[in-house]
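Descriptive analysis of the structure
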Amino acid sequence: MEVDPDDIFRDEEDDSQSNYLQEKESNKEYVVYLVDASPKMFSTTCPGEDGKSQTHFQMVASCISESLKTQIINSSHDEVAICFFNTREKKNLQDLSSVFVFSVAGRDDLDRPTAKLIKEFDKIEESFMKGIGSQYGVVSGSRDNSLYNALWVAQALLRKGSAKTSDKRILLFTNEDDPFGNIKGVTKLDMTRTTLQRAKDARDLGISIELLPLSSSDREFNMSFFYADMLGLEGDALAEFVPSAAERLQDMRDQLRKRMFKKRRYRTFTLSIANGLSIQLSAYALLRPTVPGTITWLDSVTNVPLKTERSLICADTGALVQESPRQFLSYRNQDIKFSVEEISEIKRVTTTQLRLLGFKPLSCLKDYHNLKPSTFLFPTDEEMTGSTRIFIALHRSMLRLNRFAVAFFGSSSHPQLVALIAQDEITSTSGQVEPPGMHMIYLPYCDDIRNPEELHMDPCFRTPHASDEQIKKATAMMKRIDLKEFSVCQFSNPALQKHYAALQALALEEDEMPEIKDETLPDEEGMARPGIVNALEEFKQSVYGENYHEGDDNIGAASKKRKAIADRAIQESANYDWEDLAENGKVKSIFSTFVERPGAPGCRVQPFFGCPIWVLFFYWPSPKTRFASSLALRGFVALRFSPG
C-alpha cells in the first residue's frame, strides 16, 4: 500500500472530530420526567402559546414533547424516562400503586429518545383517561403515598450508570404545593418524614431533584408547605425559586433546535513544570462549531444501521490478506516499506503533552496571537495528588504579577507554543459567573503571521478621502442603527434550524415542516422608521450626490437593451386576454399577427411539461441571443433572456 507523503504526518488528533471532541458515552445524562397526573392537573388552566387556555397537564405534555425532540438533537446518547404518578393504573417494576411508567414497544423504560416514543407521547392526552386514568394517590384514611412511590420508581430507573461519570436528574412537574394537605395528625407527619427521607436517599446517590412548580392565575405555588424542605431551600433562594422555575419551564417550551455541547471534560493533560514536577489538568472546550450530525447508513429493508468493514485482496492471487498491510514510499526507483509502528514512531515529534517554558508580561500577548478557540484548563487530583495545590499557587502568582505562562504543547505531530492565561473567579448575587482556571491560547509561529502588504499606487492618482460632512453623516447613521444589547447568543444558525426541522418532520411523519424563523434577516420594520430612513438617505447623498440612482454604474449597454426589450414585451402582452385566447383556441393564431423579423424562421408554440403554460421560442438572426417568453393561461407573463 503506497504512502501518501502529505498524509503521513497528519495528526489523528487534529481532525475536526477530534479538535472538537464529542461527549463520551460514559458522560451521558439520565433524566426521569416525573409528572403529577392528579385530577387537579386536568382542571387547572393557564394561557397557552396561541392565546387559548390549556390545562396544566397539556402544558407539561407539550414541554416534555419539545424537550424530547431537542434531546435527540442536543445529545442523542442521553437516556430519558417518563413516569406519571397519581394514576389509576400502575405499571412499574416495583409494582407500586399510583405510578405508571410510560414507554413503547422495543424500548426500555429508561432509554434513548426515539421518534416512536415522541409520536406515541404526542397522543397521550387522547388516551390517558382511558388507558392510564387519573386519581388522587394520597387520600384520607389510606396509607398509600403516591409521591413516595414515584420517587422510589424514579430512583430505581436511575440505577443505570455511575454517578461519577454521568448526570442523573428527576424533573418533577406538579401544581399541588401541599401533597399531604388532606391528611391529618400522625399519619401526615409520618408520610412527610418518609417522603423527605426518600428524596434525601436519592440525592445521596448522586441524583438531583428539580421541581418545576405550576402556579394558577389566582394562586401562586407555595413552596413552604412541603417542597422547600424537600429541596433544602431557605431565605432568598426560596423567594426566588418559583419565578426562576417558571422561566425554566418557559425555556423548555421555547427550546431551539440546536446541538448543545455541555462543558464537560474531553481530555486530560500533564503539565511538566520543572525537575520532574508535574500536575494533571482537565481540558474543557468552551467554544466549538456546530455542524449537522454524521450520516448513518441504514439497511433499505430493516432500517438497521449498517456496519462498514474493509478487506484487502491480493492483486496477484485474489486471496484475502490476513496480516496487517505494510505501506511503502517510492524513492529512487525503490519501494521503502514501513510498518504501522514505524510510521507511528516517525510521526511522533515529542512524548511531552504540556511543558512549561517560562513567563511573560500580559502586555506581550496580542489579540492576533490566537489561532483558534482556546481550551479551558482546571486541575484534577484523580491521578496526581497535589495538582490542585500547585495549580492554585501558579494561578494566584500569575494574577498578582500580571503574567502569562508560555508552554510547549506537544501533540503527536503538530507541536506548538501555547499561552496559559489565568482567569480569576467572577461571582454575582445569583452565583458563579466565571470559574477560576486558565485559558490555553494557541500561539502562531513566525511563519503563520502575515504582515499587511503595502499598496503601491500611481503617483498621479489622488487617494480619495472622506470629507468632514460625510464622516458626520456616517456617525449619525451609525448612532441611529445601533444594536442595543447585541449578543451572538441571540441568533441561531438558520441552516441548522431548517436541517433539524426537516429531520423532525421526516422522523415523525409530519405533513408539514415546522416553521423556522430566520433571526439573521434584517429588521425591515425597524429599518423603515423615519429616523433611520432619513439618516441613510442623508449619508447616501453626502457620498454620491442627489441625482445618484443605485445600480446605474453597474448596468451595461447590453443589459439596458435587454431591459428595454423586456419592458416592450410586457406592454405588448398586456394588450391581450391570454386566458380567453387559450380557452377559445386562438393562442397560436394570435402570434401570426407578430411581424417576423428578416431571417427569422418563425415561432413554435408547445405545452410546457404538461402545465397550462405555453412557451414561445423566437429565433433571431443573431446566434447569441435567444428570447423565451412563458405565457400562463391565467394572464401571468414571465420573461427570461439567456444566451443561446
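For the structure itself, consult the block above.
This is a predicted model, so every value here is computed, not measured. (Residues numbered from 1 in each chain as written. Predicted model: local features only at pLDDT ≥ 70, side-chain atom pairs only at ≥ 80, totals over all residues. Heavy atoms only, no water.)

Next up on the list: the overall build of the protein. From N to C terminus, the protein includes 18 helices and 22 strands. Evaluated residue by residue, the protein yields a buried proportion of 34% over its 644 residues. (Helix = DSSP H or I, 4+ residues; strand = E, 2+ residues; numbered from the N terminus. Buried < 20%, exposed > 50% of the residue type's maximum accessible area, 1.4 Å probe, protein only.)

Turning next to the side chain of Thr 174. Along the chain, the position of Thr 174 falls in strand β6 (residues 167-174). Here Thr 174 falls in the buried class, since its relative accessible area comes to 1%. There is a polar contact of 3.1 Å between the side chain of Thr 174 and the backbone nitrogen of Glu 176. Apart from the residues within four sequence positions on either side, Thr 174 is in contact with Asp 36, Met 41, Leu 211, Leu 212, Pro 213, Leu 214, Phe 221 and Tyr 227. (Polar contact = N/O pair within 3.5 Å; in protein donor to acceptor, adjacent residues only side chain to side chain. Contact = heavy atoms within 4.5 Å.)

Between helix α3 (residues 56-74) and helix α5 (residues 124-131), whose axes approach to 11 Å, the crossing angle comes to 125°. Taken together, the axes of α3 and α5 are oblique relative to one another. Regarding α3 and α5, the two cross each other, and that crossing is right-handed. For the pair α3 and α5, the contacting residues are Phe 57, Gln 58 and Ala 61 in the first and Ile 124, Glu 125 and Phe 128 in the second. Grouping the constituent residues of the contact of α3 with α5 by class yields four nonpolar, one polar and one charged. (Axes fitted to C-alpha atoms, helices over the stretch in contact; angles between N-to-C directions. Parallel < 35°, antiparallel > 145°, perpendicular 65-115°, else oblique. Left-handed = near helix turned anticlockwise from the far one by under 90°. Nonpolar A, V, L, I, M, F, W, Y, C, P; charged D, E, K, R; others polar.)

Right, let's talk about the sheet that holds strand β18 (residues 437-442) for a bit. Spatially, the seven strands close up into a barrel ordered β8-β9-β13-β18-β15-β14-β12, and their pairing is mixed. For this sheet, the mean angle separating the axes of adjacent strands, direction not counted, is 40°. Judged from the five bridges that link them, strand β9 (residues 277-285) and strand β13 (residues 375-379) form a sheet pairing that is antiparallel. The residue of β13 that forms the bridge with Ala 283 is Leu 377. (Pairing = 2+ DSSP bridges.)

To continue, consider the nonpolar core. With 38 residues, the main nonpolar core has Met 223, Tyr 227 and Met 230 as its most contacted residues. No other element matches helix α6 (residues 146-157), which puts six residues into this core. Non-local contacts of Tyr 227, meaning those with residues more than four positions away in its chain, are made with Leu 147, Leu 172, Thr 174, Glu 176, Asp 177, Pro 179, Leu 211 and Phe 221. Grouped together as the second largest cluster of nonpolar side chains are 30 residues, Val 31, Ala 37, Met 41 and Leu 117 included. (Core = buried A, V, L, I, M, F, W, Y, C linked by side-chain atoms within 4.5 Å.)

A few words on the sheet that holds strand β5 (residues 99-102). Strand order across the open sheet formed by five strands is β5-β4-β1-β6-β7, with mixed pairing between neighbours. With partners counted over all chains shown, the strands left at the sheet margins are β5 and β7 (207-213), one partner each. On average, each strand axis in the sheet is inclined to that of its neighbour by 20°, with strand direction left out of account. Both β6 and β7 contribute to a ladder of seven bridges, which runs parallel. Paired with Ile 170 across the strands is Ile 209, a residue of β7.

Our next topic: the pattern of salt bridges. For the structure shown, the criterion picks out 17 salt bridges. Its salt-bridge partner being Lys 28, residue Glu 79 comes within 3.2 Å of it at the nearest N-O pair. With Glu 79 in strand β4 (residues 79-85) and Lys 28 in the loop between α1 (16-19) and β1 (29-36), this pair connects stretches of sequence that are 51 residues apart. (Salt bridge = Lys/Arg side-chain N within 4 Å of Asp/Glu carboxyl O.)

Below, the discussion takes up the packing of helix α12 (residues 468-480) against helix α15 (residues 530-544). Put simply, α12 and α15 touch, their axes get as near as 9 Å, and they point 155° apart. Here α12 is positioned roughly antiparallel relative to α15, judged by the angle of their axes. Seen from above, α12 lies across α15 with left-handed handedness. Side by side, α12 and α15 meet where Gln 470, Lys 473, Ala 474, Met 477 and Arg 480 of the first sit next to Gly 531, Ile 532, Ala 535, Leu 536, Glu 538, Phe 539, Ser 542 and Val 543 of the second. Along the lines of polarity and charge, the residues of the contact of α12 with α15 split into seven nonpolar, three polar and three charged.

What follows is about the packing of aromatic side chains. Counted according to the given criterion, the structure contains 13 aromatic pairs. On the basis of an interplanar angle of 50° and a centroid distance of 4.9 Å, the ring pair of Phe 57 and Phe 128 is categorised as tilted. With Phe 57 in helix α3 and Phe 128 in helix α5, this pair connects stretches of sequence that are 71 residues apart. What makes Phe 57 buried here is its relative accessible area of 2%. Overall, Phe 128 belongs to the buried group, its relative accessible area being 1%. Considering the side-chain rings of Tyr 148 and Trp 152, the 6.1 Å spacing of their centres and the 75° angle between planes classify their relative orientation as edge-to-face. Here the residue Tyr 148 and the residue Trp 152 both occupy positions in helix α6, the gap between them amounting to four residues, near one helical turn. (Phe/Tyr/Trp six-rings, centres within 6.5 Å; stacked < 30°, edge-to-face > 60°.)

Right, let's talk about the pairing of β4 for a bit. Across the seven residues of β4, seven count as buried, placing the element largely inside the fold. Residues of β4 alternate between two faces, with Glu 79, Ala 81, Cys 83 and Phe 85 on one and Val 80, Ile 82 and Phe 84 on the opposite face, all of them buried. Inspection of the sheet shows β1 paired to β4 by seven bridges, in the parallel sense. Of the residues in β4, the one forming a bridge with Tyr 30 is Glu 79. With four bridges connecting them, β4 and β5 associate as antiparallel partners. Each bridged residue has a counterpart across the sheet, and for Phe 84 the counterpart in β5 is Phe 100.

Turning our attention to unusual backbone geometry. In this model, Asp 95 sits at a positive phi of 60°, which is unusual for a non-glycine residue. Of note in the backbone geometry, Glu 509 takes a positive phi value of approximately 55° without being a glycine. Tracing the backbone shows Glu 509 in the loop between α13 (494-507) and α14 (524-527).

The next subject is a nonpolar patch on the surface. Taken together, the side chains of Leu 483, Phe 486, Val 488 and Phe 491 define a hydrophobic patch exposed on the protein surface, amounting to about 430 Å² of accessible area. Within the fold, Val 488 resides in the loop between α12 and α13. Residue Val 488 is classed as exposed on the basis of its relative accessible area, which comes to 62%. (Patch = residues over 30% accessible without salt bridge, like charges linked within 9 Å, V, L, I, M, F, W, Y side chains within 5 Å. Areas by Shrake-Rupley, 256 points an atom, 1.4 Å probe, with all protein chains shown as cover.)

Okay, the pairing of strand β12 (residues 354-361) next. Residues in a regular strand point their side chains to alternate faces of the sheet. Sheet analysis places strand β8 (residues 265-274) next to β12, joined by two bridges and oriented parallel. Note that in β12 the partner of Leu 271 across the bridge is Leu 354. Looking at chain direction, β12 and strand β14 (residues 403-409) are connected through seven bridges and run antiparallel. Following the sheet pairing, Phe 359 is matched in β14 by Ala 405.

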